[in-house]
Amino acid sequence: QVQLVESGGGLVQAGDSLRLSCAASGRSPRNYDMGWFRQAPGKEREFVSSIRWAGGSTDYTDSVKGRFTISRDNARNTVYLQMNSLTPEDTAVYYCAAGARAFNLRLSSEYYYWGQGTQVTVSS
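Residues numbered from 1 in each chain as written. Predicted model: local features only at pLDDT ≥ 70, side-chain atom pairs only at ≥ 80, totals over all residues. Heavy atoms only, no water.

Undergrad: Describe in detail the side chain of threonine 61, supporting the description with residues and values.
TA: Structurally, threonine 61 is set in the loop between β6 (58-60) and β7 (68-73). A relative accessible area of 16% places threonine 61 in the buried class. When residues no more than four places from it in sequence are discounted, the contact partners of threonine 61 are Phe47, Val48 and Arg106. (Helix = DSSP H or I, 4+ residues; strand = E, 2+ residues; numbered from the N terminus. Buried < 20%, exposed > 50% of the residue type's maximum accessible area, 1.4 Å probe, protein only. Contact = heavy atoms within 4.5 Å.)

Undergrad: With reference to specific residues and values, describe the pairing of strand β8 (residues 78-83).
TA: One face of the sheet, then the other: side chains in a regular strand alternate in exactly this way. Counting buried positions along β8 gives 5 out of 6 residues, so the element sits mostly inside the fold. The sheet contact formed by β7 and β8 spans 6 bridges and is antiparallel. From the neighbouring strand, serine 71 faces β8, where its bridge partner is tyrosine 80. Here β7 hands over to β8 after 4 residues, with asparagine 77 in that stretch at a positive phi of 50 degrees. (Pairing = 2+ DSSP bridges.)

Undergrad: So what's going on with the state of the cysteines? Which residues, and what values?
TA: As enumerated under the stated definition, the model contains 1 disulfide in all. Cysteine 22 shares a disulfide with cysteine 96; S-S distance 2.0 Å. Given an S-S torsion of about 55 degrees, the disulfide between cysteine 22 and cysteine 96 has right-handed geometry. Within this pair, whereas cysteine 22 is found in strand β3 (residues 18-26), its partner cysteine 96 is found in strand β9 (residues 92-99), the two being separated by 74 residues in sequence. This pair shows no difference in class: cysteine 22 is buried, exactly as cysteine 96 is. (Disulfide = S-S within 2.5 Å.)

Undergrad: Kindly report on the pattern of salt bridges, identifying the contributing residues and their values.
TA: What the rule picks out here adds up to 7 salt bridges. In this structure, the salt-bridge partner of aspartate 62 is lysine 65, at a minimum N-O distance of 3.1 Å. When salt bridges that share partners are traced, they join Arg38, Glu46, Arg67 and Asp90 into one network. (Salt bridge = Lys/Arg side-chain N within 4 Å of Asp/Glu carboxyl O.)

Printed below as a string of structure tokens:
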């Protein structure tokens, strides 16, 4: 079992930055691939970014490339999502998730554990 707790969300203006954190605890959390997803009101949950535990390779959805950066601190069992140049279209609840030996980290079905989410609201 792995427990995930997100933090760092809030209300910001367009162009501002936020850093989300996802603290993991439980059984060997650093051995999991990690992902960030988001869900806006009335929309389905969508992939945002992921990072592999082995090698640290990263992936981003096109709409956030160049603006968001995912990273992990294995010593702290924490994954971060640095979000810059935020726009109102980034408004959503952001979730972190943990998976193991996943083939396609863009699929939510590949993840075993999910956090409760943190709200990000970007005003224009």
